[in-house]
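Descriptive analysis of the structure
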Amino acid sequence: MMIPGPTDVDQRVIDAMRRQMIDHRSGDFRVMMRELEERSRRIFQTENDVYLLTCSGTGGVEFAVANLVDKDDRVLVPVFGVFGERLAEACEFYTRNVVRVEIPLGRAADPEVLKKALDENKDVNVVAFPYNDTSTGTICHDLEGIMRICRERGVYTIVDAVSILGGRDIPVDRLGIDVCITGSQKCLAAPPGVALVSFSERAYEKARRKEKRPHYLDVTKYRHFMRDRSETPFTPVITIFFALNESLRIILEEVGFGKWVRRHEAGAEALYKGLERLGVSFMTEPRYRSPTVIALNPQQGIDAEEIRRVMRERFSIMIAGGLAKFRGKMFRIANIGNISQQRILLTIEALGKTLNILGVKADVEEAVNSCKEVFAGRWPG
Ligand SMILES: Cc1ncc(COP(=O)(O)O)c(C=O)c1O
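Residues numbered from 1 in each chain as written. Predicted model: local features only at pLDDT ≥ 70, side-chain atom pairs only at ≥ 80, totals over all residues. Heavy atoms only, no water.

So, on to the site of the ligand. Around the ligand, the structure places Ser56, Gly57, Thr58, Phe83, Asn132, Thr134, Asp160, Val162, Ser163, Gln185 and Lys186. One of the side-chain nitrogen or oxygen atoms of Gln185 is found 2.7 Å away from an oxygen atom of the ligand. Contact distances for the ligand include 2.6 Å between an oxygen atom and a side-chain N or O atom of Lys186. When atom positions are compared with the pocket grids, the ligand is found to occupy the largest pocket. (Near = heavy atom within 4 Å. Polar contact = N/O pair within 3.5 Å; in protein donor to acceptor, adjacent residues only side chain to side chain. 1 Å grid on protein atoms, 1.4 Å probe; cavity = no way out; pocket = protein on both sides within 12 Å on 5 of 7 lines; lining within 4 Å. Sits in = over half its atoms within 2 Å of the grid points.)

Think of it this way: side chains of opposite charge can pair up when their charged atoms draw near. Overall, the coordinates contain 35 salt bridges when judged by the stated rule. Between Asp178 and Arg202 there is a salt bridge, and its shortest N-O distance comes to 2.9 Å. Of this pair, Asp178 sits in the loop between helix H7 (172–175) and strand S8 (179–183) while Arg202 is found in helix H8 (residues 201–209), placing the two residues 24 residues apart along the sequence. For Arg202, a relative accessible area of 36% corresponds to the partly exposed category. With its nearest N and O atoms 3.8 Å apart, the salt bridge here joins Glu366 to Arg277. One end of the pair, Glu366, is in helix H14 (residues 364–378); the other, Arg277, is in helix H11 (residues 257–278), with 89 residues separating them in the sequence. Several salt bridges share partner residues, and in doing so they unite Asp10, Arg12, Glu246, Arg249 and Glu254 into one network. (Salt bridge = Lys/Arg side-chain N within 4 Å of Asp/Glu carboxyl O. Helix = DSSP H or I, 4+ residues; strand = E, 2+ residues; numbered from the N terminus. Buried < 20%, exposed > 50% of the residue type's maximum accessible area, 1.4 Å probe, protein only.)

Between helix H5 (residues 111–120) and helix H6 (residues 143–153), whose axes approach to 8 Å, the crossing angle comes to 25 degrees. Classified by the angle their axes make, H5 and H6 are roughly parallel. By crossing handedness, the relation of H5 to H6 is classed as right-handed. Residues Pro111, Leu114, Lys115, Leu118 and Asp119 of H5 form the contact with H6, whose own contacting residues are Gly145, Ile146, Ile149, Cys150 and Arg153. Taken together, the residues of the contact of H5 with H6 sort by class into 6 nonpolar, 1 polar and 3 charged. (Axes fitted to C-alpha atoms, helices over the stretch in contact; angles between N-to-C directions. Parallel < 35°, antiparallel > 145°, perpendicular 65-115°, else oblique. Left-handed = near helix turned anticlockwise from the far one by under 90°. Contact = heavy atoms within 4.5 Å. Nonpolar A, V, L, I, M, F, W, Y, C, P; charged D, E, K, R; others polar.)

Once that is clear, we can look at unusual backbone geometry. Between Gly5 and Pro6 the backbone carries a cis peptide bond, its omega angle lying at 0 degrees. Of note, Pro6 is situated in the segment before helix H1 (11–17). Its identity is not glycine, yet Ser230 carries a phi of approximately 50 degrees, on the positive side. Examined against the element boundaries, Ser230 turns out to sit in the loop between helix H9 (219–229) and helix H10 (238–255). For Ser230, a relative accessible area of 6% translates into the label buried. With phi around 50 degrees, Ala324 is a residue other than glycine that occupies positive phi space. On the secondary structure map, Ala324 appears in the loop between strand S12 (320–321) and strand S13 (331–334). Residue classification places Ala324 among the exposed positions, given a relative accessible area of 53%.

On to the layout of surface pockets. When its volume is computed, the largest pocket comes out at roughly 480 Å³. In terms of lining residues, the largest pocket is bounded by 24 residues, among which Thr58, Phe83, Arg86, Val162 and Lys186 are the most central. Going through the elements one at a time, helix H3 (57–68) and helix H4 (82–92) are the ones with two or more residues in the lining of the largest pocket. Residues belonging to the lining of the largest pocket are distributed by class as follows: 11 nonpolar, 8 polar and 5 charged. Of the residues that make up the lining of the largest pocket, three or more belong to each of domain 1 (11–255) and domain 2 (257–378). Estimated volume of the second largest pocket: approximately 220 Å³. (Points joined across faces, edges and corners; volume = space filled by probe spheres on them. Domains from an automatic or database assignment.)

In structure tokens, the structure reads:
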């Protein structure tokens, strides 16, 4: 599974789900919930609450926007792919004042673009953006710089980190991110079904003052149930909570969070090197290249879907196509979750052979060796 989530999960995460149900208003549940809360805070590097919602990443984005964005707010959304577009659409549901900053394909937001946009739109009070747009394989290479500008201007921030949290270090409190979102099925290597959303105190206060919050996804209900009872306000997806708790245990206590992130970094470096050697061309400019999703141009005259088909049928490796308007125009390889040298080497070898099968010359051995060189110097174990 080399698609950008869901990804392959550890056997112990699968085993964690082979359990009878427990009462979500019981002591057993609360014990698990406290562990999950504590582990989630460590992953987000925050002292604030991290809410565990029974929904996919989009539900987490909806939770963020529906609670934070009010009808008089003016929201700035840098758009550099499908997920920026979706975020802008979600914000437009709650306010008419959404400013989209369109960024050319292959790039992502950076501090200069953001500063200019904020200078031109002085009344903006919320900035919302994907840190890593999965549809275009682009990352905001200077999140620190972007967040510095947001802090200076005092704007609220919503960061969609669905396809990157855990694959990059995101110190939510140090950077001053108000609301940060991820999903269980990406870099946290659990099955899909839970969105995790952190909320700063000032973002919570803004939400609390909002006249109309959503009924089901009301942050004040989540806070009350989490703080007073270590429960969720409604029935949660208990089985996936078991799985996520086990996956976070492995990440934090067995592998170590720093090492988990460095595996993503080394894996990305190896994949980019190997792909370069195969002669594949990238959709993205070098400084905006995502470490978790690699967007590639199909080779001269070859259909991206053909590449995917051969990879799947001959080598049992799933890679992704282009999303929405990018369908057929690119293919994507993810570096998400349980990163291992073996998975990367198998993928590079299979892609090289696939290209050869489809009549494109690619030196498989050279590509595989270039990955191994990266592993020799960079692999964190
Ligand atoms: C950046 C980003 N945001 C949001 C989502 C939506 O997540 P989901 O498909 O879990 O609803 C995704 C999914 O790939 C994503 O990559």
